[in-house]
Amino acid sequence: MSPKGMLKAIMKNRTGRIGIILLALIVFTAIFAPWLAPFDPYERVAQPFQHPSASHLLGTNDIGQDILSEMIWGTRISLSIGIIAAAIAITLGTAIGILSGYYRRWLDTILMRFVDVVLVIPFLPLMILLAAYLGPQLTNIIIVIGILTWAGPARVIRSQVLSIRELGYVQAARSLGGTDFKIMIRHILPGVMPIALAQFIRAVSTVILIESSLAFLGLGDPTAKSWGTVLYYAQTRGAFLTGAWVWWVLPPGLLITFTVLAFAFTGYTLEEILNPRLRSAGPHHRVFFNSEAVEKNRG
Amino acid sequence: MTKRLFYLCLVLLLIFASACSPTEDPPAAEPADEVEDEPGNGVEAVSLRMAIPRDEGSLNPYTYVTGYPGHNLLLLIYDTVFQLDENNVPQPWLVTDHEVDSEGINWNFTLHDGITWHDGAPLTAGDIKFSFDYYGEHSHSRWTNAVSAIEEIVIEDELNFSILLSEPVPAFLTNPLSDVPIIPEHIWQDVSDPDSFTDHTGSGPYQITEYVPDQTYRLHANADYFLGKPAVEEIGMVIIEDQTATFTALRVGDIDIASRSMQPELVGDFAGEGETDIITGPGFTSSLLQINNEREPFNDPLVRKAISRAIDIDDLVDTVMLGYGTAGSPGYIHPDLPHYNPDVEHIYDPNEAVTLLEEAGFIDTYGDHEFELLTRSNDPLRVRTAEMIAVNLNAVGINVSVQALDSATLDDLVWPEFDTSQGRDYDLSIWGWSAPIMIDPERLGGLFHSDLEDRGTLNIGAYTNNNVDTLTEEISVTVDPGRQQDIFNQLQVILADTVPFVTLYYPDGIYAYRPDTYDNWTYQNGQGVLNKLSFVNMP
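The rules we used
Residues numbered from 1 in each chain as written. Chains lettered and ligands numbered in written order. Predicted model: local features only at pLDDT ≥ 70, side-chain atom pairs only at ≥ 80, totals over all residues. Heavy atoms only, no water. Helix = DSSP H or I, 4+ residues; strand = E, 2+ residues; numbered from the N terminus. Buried < 20%, exposed > 50% of the residue type's maximum accessible area, 1.4 Å probe, protein only. Areas by Shrake-Rupley, 256 points an atom, 1.4 Å probe, with all protein chains shown as cover. Lys, Arg positive; Asp, Glu negative; His and termini not counted. Charge placed at Lys NZ, Arg CZ, Asp CG, Glu CD. Pairing = 2+ DSSP bridges. Salt bridge = Lys/Arg side-chain N within 4 Å of Asp/Glu carboxyl O. Contact = heavy atoms within 4.5 Å. Phe/Tyr/Trp six-rings, centres within 6.5 Å; stacked < 30°, edge-to-face > 60°. Lys NZ or Arg CZ within 6 Å of the ring centre and 35° of its normal. Axes fitted to C-alpha atoms, helices over the stretch in contact; angles between N-to-C directions. Parallel < 35°, antiparallel > 145°, perpendicular 65-115°, else oblique. Left-handed = near helix turned anticlockwise from the far one by under 90°. Nonpolar A, V, L, I, M, F, W, Y, C, P; charged D, E, K, R; others polar. 1 Å grid on protein atoms, 1.4 Å probe; cavity = no way out; pocket = protein on both sides within 12 Å on 5 of 7 lines; lining within 4 Å. Points joined across faces, edges and corners; volume = space filled by probe spheres on them. Domains from an automatic or database assignment. Patch = residues over 30% accessible without salt bridge, like charges linked within 9 Å, V, L, I, M, F, W, Y side chains within 5 Å.

Colleague: Which residues make up the overall build of chain A, and what values go with them?
Modeller: Secondary structure summary: chain A contains 15 helices and 0 strands in total. Counting only C-alpha atoms, chain A reaches 75 × 45 × 30 Å along its principal axes. Out of the 299 residues belonging to chain A, those deemed buried represent 54%. For chain A, the exposed area adds up to about 13,200 Å²; of that, 69% sits on carbon and sulfur atoms. Once the 24 positive and 15 negative side-chain charges of chain A are each reduced to a mean point, those two points are 12 Å apart.

Right, here's the structure in full:
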């Protein structure tokens, strides 16, 4: 299915349409942050702890930076973290999925048992442990999240590879003496790309949520203005005790929620389109957290 | 993955839900509920409920845990020979009279008559001798070092004793006499492993009547206290670790005071009208911009001076501390301390900073170099301080980027193995010292002496200055107050000129409490309100 066809198919679905529209808004904000934000979020522009006013719609933070501008720039940072970490996870997942599904036998056994292990590790505690151990630089956070979220996608991609490798054109390429490497890159990879894309979109939302959780707990990089970092400062500087949570906690919280929803809606719809087993369930079965989808992801 | 996503969403929702209803949080621990609140006149309270952040063990001299509030609570249960007053001047407490010879070697004391232990036994000169000997023999990080200069204690009779020192100790009345608690000989004489001994019979204004580990303490007033019955009949202490939960409990009336200092941004919600109020005063902890004096180009005093000139510390106090702090003195000593030299002053002058950097040839060599300013990631105030300093330094041409590290990594770079002779690996770092390192004048040698093996044990920037070496050596053996002050003044002038580090600010202590329950708190400078003088009058 071409990207254009995919987009069309998503837009036909109500959930997908909401997802795509929200996504477009978020990406637009991230790209045009410098023009949209009224102030430089790193510059102290007013007294600290100002309540919302005409010049600062969401007030100012603990050292007098404009919270609205932080929100807008935070879109860019949270989104970048999401995309980079998800890219790492999906690249790893795709590579392992293809190797495992293509070679099968002992390599498949080893890799899939390894995936099993990674999937049953308690996820958030390990993440917290690694984040604390490696230190709070943004790059470390991205790498940690990336290398801990590849297992689910690897499993989904492997199952796709298993069916593709038996298709006529792959068999033909093999009988004509094509090398394994060439077959995997030229014939299998294009076949799993749509599924990888769906997995990628869903991974982005997971990553954004995880990064926000880590940052909120004080395990993120406190100098990078992601939404989670804004929440961290709100929490440590008493926003929950004073009335400031209305303009300091709710906006980043809602933004995280909407972003996660946007990616989840889009990713889910895409998966539904690509996976006939889910599509046949009919419109009234299109709940967001479809148990069948979970089963599928867990293999 | 979908399921995980769902749970994460749920957690996030819960966080917001809890934010929306802070007053509905259940109290984190059971308050002293069977004692009724005294609505009364705000002076003589029957019972007081206080929150402390963590368990302090059985609260005897070997089992208490933290310097604050642990040591402060310990001294409600045990007495010291002298007692620091509001301005940290030692005053006689267990003793009525004292004399000292001209060399500061031989001290004579007379005890108050009729002091008893909580179990009724009399407190005599024998207990004093026993305590100091015991601390000398049974190692403890705080007491053993403090009593090391005591050569011998001679008991003359029940009430009179003399202490003979091996060398003069400049602040002998402050430490050990106002710091080291006196323990009862009849209870401790056979104790060989004090770290596992849990008795807490003291002679102080309060005794522990109930202790539930990790939950509560109950302190009851000592009715037979030699200076009169303490003002509050009972103090219930609950352990609340979380800061937000602590002040929520204070707001709704589950507790009457919190031992922890409040963040400045909350003052507006707790001060003035209403059921809560605050009491503030100077704090003696310090916030510093630590400079690696060993590393190029910071080994040049001109560059360090330029850094000092570039930093707007008044802005830091107003922004980061919201005014609840004192701007740093370039001589390190807090302006509210007796040995402060008022002639030294921080000068904020970015133009002069640029001139100094040009003079030092900084721009040619390091104009493009980016320096790292390290800070602890788990301390938001320090991160904010670092961010503001980076702006200040970038403005004069020193390129600085802020690096937030976890505290263990930071300590390892700045102060590897807590041993200054092990070297260091950093450019600049936000740092801070606790109050004792500010109050005790002998610590200046530790901070600034260039002999990192023996004397400069806190000199984490490897600062070197011959005059400072000589002066800090002299101060540790000088007992004449006039000469002491003279040395202190000279030291502060040299420090201001050579800038081993930049003293940024000293955060104030801010204590929130409910005045309807008890309103007679005494703020001891740098120590806060948790001291004997809040409950007992000076003799």
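Colleague: Would you mind going over the pairing of strand S6 (residues 150-155) of chain B in detail, with residue names and values included?
Modeller: All names here are of chain B. Here 5 bridges tie S6 to strand S7 (residues 160-165), and the two strands are oriented antiparallel to one another. Across the sheet, Ile 153 pairs through a bridge with Ile 163, a residue of S7. Once S6 ends, the chain turns through 4 residues before running back antiparallel as S7.

Colleague: Would you mind going over the environment of Ala 131 of chain A in detail, with residue names and values included?
Modeller: Summarising the element assignment, Ala 131 of chain A is placed in helix H6 (residues 123-134). Separated by 124 residues in sequence, Ala 131 of chain A and Leu 7 of chain A have C-alpha atoms that sit 36 Å apart.

Colleague: Give me the pattern of salt bridges: which residues, what numbers.
Modeller: For the coordinates displayed, the defined rule picks out 29 salt bridges over all chains. Between Arg 237 of chain A and Asp 62 of chain A there is a salt bridge, and its shortest N-O distance comes to 3.2 Å. Of this pair, Arg 237 of chain A sits in the loop between helix H11 (227-236) and helix H12 (245-248) while Asp 62 of chain A sits in the loop between helix H3 (33-36) and helix H4 (67-103), placing them 175 residues apart in sequence. Accessibility assignment for this pair places Arg 237 of chain A and Asp 62 of chain A in one class, buried. Asp 79 of chain B is the partner of Lys 532 of chain B in a salt bridge, and the nearest nitrogen-oxygen pair spans 3.3 Å. Separated by 453 residues along the polypeptide, Lys 532 of chain B in the segment after strand S19 (509-513) and Asp 79 of chain B in the loop between helix H2 (70-77) and strand S2 (82-84) bring together distant segments of the chain. Using a relative accessible area of 1% as the deciding quantity, one classes Lys 532 of chain B as buried. By relative accessible area, which is 0% here, Asp 79 of chain B ends up buried. The network of salt bridges with shared partners includes Asp 62 and Arg 237 of chain A together with Glu 265, Arg 384 and Glu 387 of chain B.

Colleague: Describe the side chain of Asn 72 of chain B, with residues and values.
Modeller: Residues and elements named next belong to chain B. Of note, Asn 72 is situated in helix H2. Overall, the relative accessible area of 6% leaves Asn 72 in the buried class. In this structure Asn 72 touches Gly 67, Gln 527 and Leu 530, once residues within four positions along its chain are discounted.

Colleague: How would you sum up the pairing of strand S5 (residues 106-111) of chain B? Please name residues and give values.
Modeller: All names here are of chain B. Because side chains alternate across S5, one face comprises the buried residues Trp 107, Phe 109 and Leu 111, and the other comprises Asn 106, Asn 108 and Thr 110, none of which is buried. As paired elements, strand S4 (residues 95-100) and S5 share 5 bridges and run antiparallel to each other. Residue pairing in the sheet places Val 100 in a bridge with Trp 107 of S5. Between the antiparallel neighbours S4 and S5 lie 5 residues, among them Gly 104 with a positive phi of about 75°. Here S5 pairs with S7 via 5 bridges, running antiparallel. From the neighbouring strand, Thr 110 faces S7, where its bridge partner is Asn 160.

Colleague: Describe the packing of aromatic side chains, naming the residues involved and giving the relevant values.
Modeller: As enumerated under the stated definition, the model contains 38 aromatic pairs over all chains in all. Note on Phe 28 of chain A and Phe 32 of chain A: the rings are 4.8 Å apart at their centroids and 40° apart in plane angle, and the pair reads as tilted. Phe 28 of chain A gets classed as partly exposed once you look at its relative accessible area, which sits at 43%. Take Phe 32 of chain A: its relative accessible area is 34%, and that puts it in the partly exposed class. Pairing Tyr 211 of chain B with Tyr 217 of chain B gives two aromatic rings, centres 4.5 Å apart and planes at 10°, and the pair type is stacked. Relative accessible area serves as the criterion here: at 2%, Tyr 217 of chain B is assigned to the buried category. Linked through ring pairs, Tyr 62, Tyr 64, Phe 130, Tyr 134, Tyr 135, Trp 143, Trp 188 and Phe 197 of chain B together constitute an aromatic cluster. Sitting over the ring of Tyr 102 of chain A, Arg 165 of chain A keeps its end group 5.4 Å from the ring centre.

Colleague: Describe the sheet that holds strand S16 (residues 399-405) of chain B, listing the residues and the values that go with them.
Modeller: Residues and elements named next belong to chain B. Taken in spatial order, the 6 strands of this open sheet run S14-S18-S13-S17-S15-S16, and their pairing is mixed. Unpaired on one side and paired on the other, strand S14 (325-327) and S16 mark the two borders of the sheet. Taking the axes of each pair of neighbouring strands and ignoring which way they run, one obtains an average angle of 25° across the sheet. On the sheet, helix H8 (residues 301-310) packs against strand S13 (286-291), strand S17 (428-433) and strand S18 (501-507) and is oriented at approximately 140° with respect to S13. Across the sheet, helix H12 (residues 380-395) lies against S13, strand S15 (370-376), S16, S17 and S18, angled at about 160° from S15, the strand it touches most.

Colleague: Report on the packing of H4 of chain A against helix H7 (residues 138-148) of chain A, specifying residues and quantitative values.
Modeller: All names here are of chain A. Where H4 meets H7, the closest approach of the two axes is 8 Å, and the angle between their N-to-C directions is 40°. In terms of orientation, H4 lies oblique with respect to H7. When the axes of H4 and H7 are compared, the crossing they make is right-handed. Contacts between H4 and H7 involve Ile 81, Ile 84, Ala 85, Ile 88, Ala 89 and Leu 92 from the first element and Leu 138, Ile 142, Ile 145, Gly 146 and Ile 147 from the second. Counted by class, the contact of H4 with H7 contains 10 nonpolar, 1 polar and no charged residues.

Colleague: Describe the environment of Ile 256 of chain A, with residues and values.
Modeller: Relative to the elements of secondary structure, Ile 256 of chain A occurs in helix H13 (residues 250-274). Taking the C-alpha atoms as reference, Ile 256 of chain A lies 15 Å from Ile 67 of chain A; in sequence the two are 189 residues apart.

Colleague: Requested: an account of unusual backbone geometry, with residues and values cited.
Modeller: Residues and elements named next belong to chain B. The omega angle of the peptide bond from Tyr 68 to Pro 69 is 0°, so this bond is cis rather than trans. Relative to the elements of secondary structure, Pro 69 occurs in the loop between strand S1 (47-52) and H2. Residue Pro 297 is reached from Glu 296 by a cis peptide bond, and omega for that bond is -5°. Within the element layout of this structure, Pro 297 appears in the loop between S13 and H8. Despite not being glycine, Phe 418 shows a phi value in the positive range, around 50°. Relative to the helices and strands, Phe 418 is located in the loop between helix H13 (407-414) and S17.

Colleague: Could you give an account of the layout of surface pockets, with specific residues and numbers?
Modeller: All names here are of chain B. What the second largest pocket holds in volume is close to 640 Å³. Looking at the second largest pocket, it is lined by 24 residues, and the ones nearest its centre are Pro 90, Pro 170, Ala 171, Thr 174 and Gln 484. For the lining of the second largest pocket, the leading source of residues is helix H17 (residues 481-498), giving 4 residues. Across the lining of the second largest pocket, the residue classes break down as 16 nonpolar, 7 polar and 1 charged. Residues lining the lining of the second largest pocket come from more than one domain, with at least three contributed by each of domain 2 (79-199) and domain 3 (286-507).

Colleague: Explain a nonpolar patch on the surface to me, using residue names and the numbers behind them.
Modeller: Residue and element names in this part refer to chain A. On the surface, Val 27, Phe 28, Ile 31, Phe 32, Trp 35 and Leu 36 cluster together to form a nonpolar patch covering roughly 610 Å² of accessible area. The element that contributes the greatest number of residues to the nonpolar patch is helix H2 (residues 14-31), accounting for 3 residues. Tracing the backbone shows Val 27 in helix H2.

In short, the description is geometric, and any link to function would need to be established separately.
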